[in-house]
Amino acid sequence: MPSSVLLEVPALADFNKAWAELTDWLSRLDREIKSQRVVVGDLDDINDMIIKQKAILQDLEQRRPQLDELITAAQNLKNKTSNQEARTIITDRIEKIQSQWDEVHGYLQGRRQQLHEMLKDSTQWLEAKQEAEQVLEQAKTKLESWKEISYTVEALKKQNTELKQFAKEIRQWQINVDVANDMALKLLRDYSADDTRKVQLMTDNINATWAAISKRVGEREAALESALRMLQQFYLDLEKFLAWLTEAETTANVLQDATHKEKTLEDAKMVRELMKQWQELQAEIDAHTDIFHSLDENGQKILRSLEGSEDATLLQRRLDNMNLRWSELRKKSLNIRSHLEASTDQWKRLHLSLQELLAWLQLKEDELKQQAPIGGDLPTVQKQNEIHRTFKREIKTKEPVVRSALETVRIFLTEQPVEGLEKIGPETRDLSPEERAHHVTKLLQRQSDEVRTEWDKLNVQSADWQKKIDDALERLQALQEAMDELDLKLRQAEAFKGSWQPVGDLLIDSLQDHLEKVKVYRAELVPLKEKVHQVNDLAHRFTPSDIQLSQYNLSCVEDLNTRWKVLQVAIDERIRQLHEAHRDFGPTSQHFLTTSVQGPWERAISPNKVPYYINHETQTTCWDHPKMTELYQSLADLNNVRFSAYRTAMKLRRLQKALCLDLLSLSAACDALDQHNLKQNDQPMDILQIINCLTTIYDRLEQEHNNLVTVPLCVDMCLNWLLNVYDTGRTGRIRVLSFKTGVVSLCKAHLEDKYRYLFKQVASSTGFCDQRRLGLLLHDSIQIPRQLGEVASFGGSNIEPSVRSCFQFANNKPEIEAALFLDWMRLEPQSMVWLPVLHRVAAAETAKHQAKCNICKECPIIGFRYRSLKHFNYDICQSCFFSGRVAKGHKMHYPMVEYCTPTTSGEDVRDFAKVLKNKFRTKRYFAKHPRMGYLPVQTVLEGDNMETPASSPQLSHDDTHSRIEHYASRLAEMENTNGSYLNDSISPNESIDDEHLLIQHYCQSLNQESPLSQPRSPAQILISLESEERGELERILADLEEENRNLQAEYDRLKQQHDHKGLSPLPSPPEMMPVSPQSPRDAELIAEAKLLRQHKGRLEARMQILEDHNKQLESQLHRLRQLLEQPQADAKVNGTTLSSPSTSLQRSGSSQPMLLRVVGSQTSETMGEDELLSPPQDTSTGLEEVMEQLNNSFPSSRGRNAPGKPVREATM
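Quick look at the structure, then. (Residues numbered from 1 in each chain as written. Predicted model: local features only at pLDDT ≥ 70, side-chain atom pairs only at ≥ 80, totals over all residues. Heavy atoms only, no water.)

Considerations on the pairing of strand β12 (residues 896–899)
The alternating pattern of β12 places Met896 and Glu898 and Val897 and Tyr899 on opposite faces, both of which are buried. Where strand β10 (residues 865–868) and β12 come together, four bridges link them in antiparallel fashion. If you follow Ser868 over to β12, its bridge partner there is Met896. (Buried < 20%, exposed > 50% of the residue type's maximum accessible area, 1.4 Å probe, protein only. Helix = DSSP H or I, 4+ residues; strand = E, 2+ residues; numbered from the N terminus. Pairing = 2+ DSSP bridges.)

Structure (structure tokens):
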């Protein structure tokens, strides 16, 4: 909003603040409710969200009066102002916040209705899912009850009937599954913005189970139909095969009879014809071999189904008859062939037979070799096993033929003569019949041996191959079972992993539960790791030289390992994310504080947990919260209050309200501190402990004052303030005592209750407190005004004089009790006067006095009322009094009385008597009888420094800052005792406007040399300090250089003596190493040289330190020159603005009135009527204000403010 509009319509500032707060709250609420997601199908989660939405809606309705008040205020502002721009801005903002309110309210109403509908739909879906799961269980039970297929008509018909009935039930149950799917689809469609993974996962499981059941039913139906067809076809095929068998037997009998006729074998043509017929018969037998085996196999199945019945006996008889007739037919075929072959020469027949067998054996051997190698997966090896079983069956079928041929050859060779066989060579061309017979015998013997060898070899190879296949089957079966089991376990684990919600969607309160569940789940997966190792071990047993696993198996093993690794990584990543989320968003995190700032600001956290703030618009960072920065800037408006105690108290009151600590009772603060067990006051608190305690405090305040407290903002602001006061270096730690002191000082409680509580914190178990403990308390207390740049007016940062004052009040006892401490605090010591003044400021805020201000004419007077004790019916409001305004005829040094509550008749009479008495007193009386409203303490170089916390170390009295303080004190004392050279030109009775002349004289004196030996101005302090520091440093440097030259000369002398004695040359000092001495003299020289070298090193280090200190002093002096050369520049210190000398003088007490405090019941007790406050009537306070500005601007390791001489202002 333009500043011109704010100036023209001042009330707009309050309106804008209220509008901004309500708008921010609505924005946060809108983001919060739109980010909330529920698990669709989880009734508990939906009910919890409904309860939360109801609470949010109630909270919104509770803030409705705040919106109405804002609208009413806006209407009143529009009616009171004629500024069209202001009216337009007010209208736009009201329309915007009404629209935002309606949008949030409408969304909450719609979301609430949607949640109720979701609850209803989820309930219906869960009921439908439960019914579907029930029918699925019934179907599974039915499937498990199925028996093996029986190959009897009655059994098949019964099983088929049962299957049809089950299929009918399946079709009925399909309705339940469809209803569940429809309800799930509705949930997935209507509530896709929420978490629907649970519904999707359960629906997929139901559909997968249902599909598996339907597939089993289909397979069962197909198997029953196949069995029934086979049963019906079996007997037909059996009859058909038996009919063919009868025909084949007839043909074989006819052919056998023909071959046995006389002279048939002598007719070659007839033999060829018969051989052709036999070949046709053998071809038919070979063609029906598979049919025979099929009938025999199916018959055995039917026999097992008919076991124990008459039909089984009948069928068994028929199958036995079929097998017998089949065997006889084959024998007849072989006999016919043998008989036909016998028509030729027997040796030729045997030779051909052996050649055929050798050729067949070679063929089978090649076929066996082609079966190698062993397959790398179970299906391939099973197929190889089936092929080899067929192969062995063929060998077994061929075995009678081989045995018969070998036996025939053996008989033939036995009947032949063997003499001279070895003398007949195969190369003989012309052989006699006897020699030829011998040659044929030898040929048949060799072929017979080859057949026998090859036959035995083939059987051995077949057995070895079968053994390899069996071993491979066993190993592959074990591997496959292990992989299947691991795959199942991984699928279950992956299903559980798939049910994980994104960490960002989890509720903050449930993070720890989810973390524990994942850890338990990881522990449950430990046995799964053994399964993975088992699979890998089984897979590694398959070597390329033995069995090479197939690419499919290798891929499966690799896939299983990959899935296991991915699962492990996912679990570790999940745990890491949950840990980080719990760390960043959990109960001990600062996540909830991120909403304390709005764009373009962002809250960030440093490594030591200290928050800082990033402005993305200007790309800058700062330690202070944006609202805290605005608050500090607003405190600058109070700098025109001329009395430091009231100025400090009013700043603290504004800070107290901004932090909502004015709502915090002392009992509630104590309960929160006890809840977090903060009893060890010397122990440090880290950021998280501070946040947790503050969160407990503000949560309770929010319950009591819902419309006034925003927990994240208040916690962050209070944390920011505590760190600014007690941890300016942002180490991330403050002491428990500091935390208690800061919170209790600004809480809502009676003043003496605060004193008692704070004293109790530093008192021993016996109830007594020594100087050190009291110093700790006062040190932490003085940090509060110190942070506002007001510490100089309260005796400075050195609390030793205040401690000494307290114990002097107690007659210098070694320890004091609570009663003495309270008595001393009732005197309002200078270092603590700001606290009772804060209470009076708070009490006066709502006070309304039926009187009129004689300066600004305000009536009634709101706040403090100041009644003159010099004139009748003369009252001043707090605004005029604090700004130093006076009416004609009234001087600032006249006595006045302060009221923070409406006066009573007795007080009016008492004041009338005082005015009457003062009418007869002169100005000299008031100058001789000054009264101070607080207990002053001496702050400059009195006694030893006290022990203070490490956070604010005390410097020695000879440092730069103490010297400046010393000079200022002596200058002020000199002016107070002897009078200032300015007194000649400025009359104490002149108006306050003449004080500007005082500043002019000060500025003129900055560039002039004073003939006095004692410095009398800040410029002279600067010159004296610079000359003294430079002279001292130059002397030190000269001494060090001279000492260095002496050391170097001594070293050269020792080296020459060492060389003169013929010893090995000494190394240079940096390289000198201890050696074994050759003589006592050498040892002395080396020891002396070592001591000199060490001394030289210490001197050089000291020189370096002094040079660095000199540089620091030069930098500080340079800053002092800049300050003195630019007196009109405003310097900001600790969030407040220091005025120029002219404005700061207005805040001094050089011409303040004598003041009698009258306070209400909520503040400290009323002072005696003679306690009038009147400062010295000289110009020293103006100079002291300049010194205060110097002290506040001068850099120091103890803070921005160095202790200075107490400025005697109206600190009430």
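Remarks on the packing of aromatic side chains
All told, the structure shown has 23 aromatic pairs when counted by the stated rule. Aromatic pair Phe166 and Trp173: ring centres 6.1 Å apart, planes at 80°, arrangement edge-to-face. Of the two residues, Phe166 and Trp173, neither departs from the other in class, the shared state being buried. On the numbers, 6.2 Å between centres and 35° between planes, the contact of Phe241 with Phe292 is tilted. Of this pair, Phe241 sits in helix α7 (residues 197–259) while Phe292 is found in helix α9 (residues 289–305), placing the two residues 51 residues apart along the sequence. Ring pairing ties together the aromatic residues Phe643, Tyr646, Phe864, Tyr866, Phe881 and Phe882, which thus form one cluster. The aromatic ring of Trp25 is capped on one face by Arg63, whose charged end is 4.2 Å from the ring centroid. Lys129 extends its terminal NZ or CZ atom over the ring of Trp125, reaching a point 6.0 Å from the ring centre. (Phe/Tyr/Trp six-rings, centres within 6.5 Å; stacked < 30°, edge-to-face > 60°. Lys NZ or Arg CZ within 6 Å of the ring centre and 35° of its normal.)

Quick notes on the nonpolar core
With 106 residues, the main nonpolar core has Leu694, Tyr698, Trp721, Phe739 and Leu774 as its most contacted residues. The element that contributes the greatest number of residues to this core is helix α21 (residues 711–726), accounting for 11 residues. The contact partners of Trp721, leaving out residues within four places of it in the chain, are Met628, Tyr632, Leu655, Leu659, Gly742, Leu746, Ile784 and Gln787. (Core = buried A, V, L, I, M, F, W, Y, C linked by side-chain atoms within 4.5 Å. Contact = heavy atoms within 4.5 Å.)

Focus: the packing of helix α17 (residues 626–635) against α21
What describes two packed helices is the angle between their axes and the distance between those same axes. At their nearest, the axes of α17 and α21 sit 9 Å apart, and the two run at 60° to each other. Taken together, the axes of α17 and α21 lie oblique to each other. As α17 runs across α21, the sense of the crossing is right-handed. Contacts between α17 and α21 involve Lys627, Met628, Leu631 and Tyr632 from the former and Leu713, Met717, Asn720, Trp721 and Asn724 from the latter. (Axes fitted to C-alpha atoms, helices over the stretch in contact; angles between N-to-C directions. Parallel < 35°, antiparallel > 145°, perpendicular 65-115°, else oblique. Left-handed = near helix turned anticlockwise from the far one by under 90°.)

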